[in-house]
Amino acid sequence: MEISTLKMFVKVAELKSFSKAATALDIAQSYVSTRIHQYEKELGTELFIRHNKGVELSAQGIIFLDYANRILSMVDEAESMLRQNSNAGLLRISTMQSTAQTYLPAILSEFHKQFPEYKLRISTSNAAMNIEKLFRYEAEFVYVAGYIDSKDISSVKLTDEKLVLISNQRINNLQEFLSAGNTTLLAFPSGCAYRKQTENWLAEQKLIIKNIIECDSIPAILSSVTAGMGYAVLPQNLVVEHIRNEFLYAHELPKKYSLIPLNLCYRKDMKLSEGMKKYIEINKKIPFIR
């Protein structure tokens, strides 16, 4: 269904003539007649009864005219709203759970102050799934930890997150602890950048993870580690309160694996509105904890 065809249909119904409708719309009569005829074939019904003096709406056409007028009215309303306020729009943002709990609230708050007309739709996924959302046009912006290697995606590095190993007890020697063979890693499902970083680190140490408990929830991971089920590797700023209250202990990772970049990503082929440009700028200016 094309809006232009609906406008032709309504005008023909109003003037009861293909030729008069064509003149009013400043297009060829043959084009109007052809488009209406094609549309009737698509719908499988006649919208007009043709006769020598012009046309009249059929019974089906009378019903359809009411819907057509409502659709065109909504289109006019939407266009008017956008003309009056060029800042209005929808931003779909997909973030990792860790970013949603740490950096995102300040970013969204600042954006909302400057662009209150925008509707924000926030969802959470791991880094790999967030990239997929961009490729499927299911989000305008996503947050991804790790390195981005795609010619179709623009990325803005926001900060380097510091990863730490957390446990419910002090560990004097990480190598001995992890080599014991009875340790359990609590981690997000595959696709999580933190998990991948952890697996790369342990693989370099030739340490095999025998037990992995997958949790799709940060609170579940923290509670499980606190209860002594195993250890986890998470951003330090995410667990700082637990460490301060001595519920958990943080242990430094080797420098090569302790830092992981946090990026704001969007498609290169996306036309950026003023609101979108401002969202990127706000992300760059928000003071990130290092």
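Details of the structure are given in the entry above.
About the criteria used
- Residues numbered from 1 in each chain as written.
- Predicted model: local features only at pLDDT ≥ 70, side-chain atom pairs only at ≥ 80, totals over all residues.
- Heavy atoms only, no water.
- Buried < 20%, exposed > 50% of the residue type's maximum accessible area, 1.4 Å probe, protein only.
- Helix = DSSP H or I, 4+ residues; strand = E, 2+ residues; numbered from the N terminus.
- Pairing = 2+ DSSP bridges.
- Axes fitted to C-alpha atoms, helices over the stretch in contact; angles between N-to-C directions.
- Parallel < 35°, antiparallel > 145°, perpendicular 65-115°, else oblique.
- Left-handed = near helix turned anticlockwise from the far one by under 90°.
- Contact = heavy atoms within 4.5 Å.
- Nonpolar A, V, L, I, M, F, W, Y, C, P; charged D, E, K, R; others polar.
- 1 Å grid on protein atoms, 1.4 Å probe; cavity = no way out; pocket = protein on both sides within 12 Å on 5 of 7 lines; lining within 4 Å.
- Points joined across faces, edges and corners; volume = space filled by probe spheres on them.
- Core = buried A, V, L, I, M, F, W, Y, C linked by side-chain atoms within 4.5 Å.

## What about the pairing of strand β6 (residues 153–167)?
For a regular strand, side-chain orientation follows a simple rule: the groups alternate between the two sheet faces. Buried residues dominate β6, accounting for 11 of its 15 residues. Here β6 pairs with strand β11 (residues 259–267) via 9 bridges, running antiparallel. Bridge pairing links glutamate 161 to isoleucine 260 in β11. Direction of pairing for β6 relative to strand β9 (residues 232–235): antiparallel, over a ladder of 4 bridges.

## As for the packing of helix α1 (residues 3–15) against helix α2 (residues 18–25)
Packing of α1 against α2 brings their axes to within 8 Å, and their N-to-C directions diverge by 125°. Taken together, α1 and α2 sit at an angle that is classed as oblique. Both α1 and α2 take part in a crossing whose hand is right-handed. Facing α1, whose interface residues are Lys7, Met8, Lys11, Val12 and Leu15, α2 presents Phe18, Lys20, Ala21, Ala24 and Leu25. Across the contact of α1 with α2, the residue classes break down as 7 nonpolar, no polar and 3 charged.

## Some details on the layout of surface pockets
Taken as a whole, the largest pocket encloses approximately 420 Å³ of empty space. Listed by contribution, the elements that provide at least two residues to the lining of the largest pocket are α7 (127–135), β5 (141–145), α9 (193–204) and β11. Residues of the lining of the largest pocket, tallied by class, amount to 14 nonpolar, 5 polar and 3 charged. Here the second largest pocket is characterised by a volume of approximately 210 Å³. Gln97, Ser125, Asn126, Phe188 and Asp216 are the residues nearest the centre of the second largest pocket, which is lined by 14 residues in total. Along the lines of polarity and charge, the residues of the lining of the second largest pocket split into 8 nonpolar, 5 polar and 1 charged.

## Thoughts on the nonpolar core
In this structure, Phe141, Leu165, Ile166 and Tyr279 are the most contacted members of the largest nonpolar core, which totals 63 residues. In terms of residue count, the dominant contributor to this core is β6 (7 residues). Leave out the neighbours within four places in its chain, and tyrosine 279 touches Leu91, Ile93, Leu104, Ile107, Leu108, Phe111, Phe141, Tyr143 and Leu264. If you look at the next biggest cluster of nonpolar residues, it comprises 18 residues, including Ala13, Ala21, Ile36 and Phe64.

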